[in-house]
Structures are given as C-alpha cells and as structure tokens.
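This is what each chain is made of:
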Amino acid sequence: MELGLLYSGGKDSTLAALLLNDFYDVTLVTAHFGVADDWKHARDTAEATGFDFEAVELDRDVATTAVEQMVENGYPRNGIQQVHLHALETVASMRFDAVADGTRRDDRVPTVSRAQAQSLEDRYEIDYIVPLSGFGRGAVDSLVRANLDVESGPSDEIRKADYEGELRSLLADEHGADAVNDVFPAHEQTYVTGFLTPR
C-alpha cells in the first residue's frame, strides 16, 4: 500500500517514516507555497535516508489567510494549524492509500482531532495514520539519538522544509521583519542529515 507522509526533513517526520517503512511504500511529501525553495532541504534528507520524495505546491491563498490570522492572534498556532490541515487534504487527494504526519502525543500544534481525521478518511477513502501519537518528546528524542544524524538549533538558523519558513517570509513581506519576532516565539528546530549507521 502506498503512503504519503507529510515531510519537513526534521526528526519527527523522519522517525515516522522509519516506523511506517515496514508496512507501507512510503513517499515523503513536502508541501510548500512556492515562496522559497526550502522544500529542497527535505528532498536532500529523503535522498540521504533512501526514501522516495515528492514536493507538492499548496494554495497560496491559504498561506495568506494563515499569515493574517497569525497577526490578528499574535501567535502562530491557528495559522499553522490551518496550513497543516490544508496540506493533509492536498496529499489525501493524491494517489495514496494512506496519509500520515509526524505529530507527537504532546504536540500543541499542529494537531488533528478525531473528527477531522475521520472526515479526511471518509471524504478521500484513505487511512490517516499518526505513528508518533503514542510517543512523548523523551521517547522520540531517545530513538532519534540512537538512529539519526541531526542538526538542531534556533528555528531561524536551521535548515528546514516545514511551513514555518515560508510563513515567516510572507509575514515579513506583508507586515515587516519585526512582525515575525512578535508572532513566532523562539524555539528549537531539527534537520536530519542521515542515519548514524548504514541501513
């Protein structure tokens, strides 16, 4: 069965790919808005880890709406949530039998409710799988330390292919560089460069 995994090149989505690989033909799918070429970072990690890869362009209006919502709210949660759900819908509409993401049990954003997951499955006749839903951050970090070569650091300094980079860019274009610091709290980001030992 074919599975499309929303992929950022970070530790969570890479670990999710490893967990699913024994059961599905996994394709790592990086969704972007065509604002930047950050999606290429995810392609590089997919190549380094041996997974098939696709990039898919999302509706730019969704990004614009998300940015305005972030400015109105003063924080990124609702905007990122909206973008994530749009990305899942987009991947679900492709050829896959199942879609997945790398969200963990203790993630605050993005999250997919049980009703949203059921709706996605019913409308697209696919399975939605969250392989890390039972894993807390400590368990994920232990597995990552044992298996993956990872760069980590402040979000604005680490290579990444998630939605945040493009949303930051759009936010700066529309509302100025200071708006980015006002909306996005400082946080750590990860980028996987490969496996610690050959597979």
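Within every chain, residues take consecutive numbers counted from 1 along the sequence as written. Two thresholds apply to this predicted model, a pLDDT of at least 70 for residue-level local features and 80 or more for giving and counting side-chain atom pairs, whereas whole-chain, interface and lining totals are computed over all residues. Think of the side-chain values as coming from all heavy atoms in the structure, minus any hydrogens and water.

Under the annotation held in an unreviewed UniProt entry, the chain carries the name Alpha hydrolase and is attributed to Haladaptatus pallidirubidus.

A few words now on the packing of helix α1 (residues 11-20) against helix α6 (residues 137-147). Where α1 contacts α6, the two axes come as close as 10 Å, and the packing angle between them is 75°. In terms of orientation, α1 and α6 fall into the roughly perpendicular class. Taken together, the residues of α6 that come into contact with α1 (itself represented by Lys-11, Asp-12 and Leu-15) are Arg-137, Val-140, Asp-141, Leu-143 and Val-144. Of the residues that constitute the contact of α1 with α6, the class distribution is 4 nonpolar, no polar and 4 charged. Only the stretch in contact is used when a helix axis is fitted, and all axes are lines through C-alpha atoms; the angle between N-to-C directions ranges over 0 to 180 degrees. A run of DSSP states H or I qualifies as a helix once it reaches four residues; a run of E qualifies as a strand once it reaches two. Both are numbered from the N-terminal end. Any angle that falls under 35 degrees is termed roughly parallel, while one over 145 is termed roughly antiparallel, one within 65 to 115 roughly perpendicular, and all others oblique. Whether two residues are in contact is decided by their heavy atoms: any pair within 4.5 Å suffices. Note on residue categories: nonpolar means Ala, Val, Leu, Ile, Met, Phe, Trp, Tyr, Cys or Pro, charged means Asp, Glu, Lys or Arg, and polar means any other residue, Gly included.

With an omega dihedral of -10°, the bond running from Val-109 to Pro-110 counts as a cis peptide bond. Note on placement: Pro-110 falls in the loop between β4 (98-100) and α5 (114-124). Here Glu-125, not a glycine, exhibits a phi torsion of approximately 55°, which is positive. Of note, Glu-125 is situated in the loop between α5 and β5 (127-129).

This brings us to the packing of aromatic side chains. Two rings belonging to Phe, Tyr or Trp (six-membered ring only in the last case) form a pair when the distance between their centres is within 6.5 Å. Interplanar angles under 30 degrees mark stacking, angles over 60 mark edge-to-face geometry, and anything in between is tilted. Counted by the stated rule, this structure contains 1 aromatic pair. Between Trp-39 and Phe-53, the ring centres sit 6.4 Å apart and the planes meet at 10°, which makes this aromatic pair stacked. Of the two residues, Trp-39 is situated in helix α2 (residues 39-49) and Phe-53 in strand β3 (residues 52-57); the sequence distance between them amounts to 14 residues. Here, a charge over a ring is recorded when the distance from Lys NZ or Arg CZ to the ring centre is within 6 Å and its angle to the ring normal is within 35 degrees. Across from the ring centre of Phe-184, 4.8 Å away, lies the NZ or CZ of Arg-168, which sits over that ring.

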